[in-house]
Amino acid sequence: MQIYRPDGTRFSSYVEICQLLEQERQRAEQAEAALEAQRKRSQLLAERLRVMGVNPEELM
């Protein structure tokens, strides 16, 4: 059985909603991992600048 909204679009099934939720959860995890990798890279580059005698806070 399929149920449609007044505008003619079909309501998503429970299984479809669960799949979308899982996809969104995975996307969020990937985004968080990418953000953490960028933070680590930023910290590493800032440390390298400090070793070279440059204060990275003064560059901004």
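Everything discussed here concerns the structure shown above.
Residues numbered from 1 in each chain as written. Predicted model: local features only at pLDDT ≥ 70, side-chain atom pairs only at ≥ 80, totals over all residues. Heavy atoms only, no water.

Some words on the packing of aromatic side chains
Per the stated rule, a full pass over the model turns up zero aromatic pairs. When the ring centre of Phe 11 is taken as reference, the NZ or CZ atom of Arg 5 above it lies at 4.4 Å. (Phe/Tyr/Trp six-rings, centres within 6.5 Å; stacked < 30°, edge-to-face > 60°. Lys NZ or Arg CZ within 6 Å of the ring centre and 35° of its normal.)

Some points on the pattern of salt bridges
For the coordinates displayed, the defined rule picks out six salt bridges. Residue Glu 16 is joined to Arg 10 by a salt bridge in which the shortest nitrogen-to-oxygen separation is 2.9 Å. By relative accessible area, Glu 16 is classed as partly exposed at 26%. Taking the shortest distance from any N to any O, the salt bridge between Arg 25 and Glu 29 comes out at 2.4 Å. Of this pair, Arg 25 and Glu 29 both sit in helix α1 (residues 14–51), four residues apart, roughly one helical turn. Using a relative accessible area of 37% as the deciding quantity, one classes Arg 25 as partly exposed. The structure contains a network of salt bridges with shared partners spanning Glu 22, Arg 25 and Glu 29. (Salt bridge = Lys/Arg side-chain N within 4 Å of Asp/Glu carboxyl O. Buried < 20%, exposed > 50% of the residue type's maximum accessible area, 1.4 Å probe, protein only. Helix = DSSP H or I, 4+ residues; strand = E, 2+ residues; numbered from the N terminus.)

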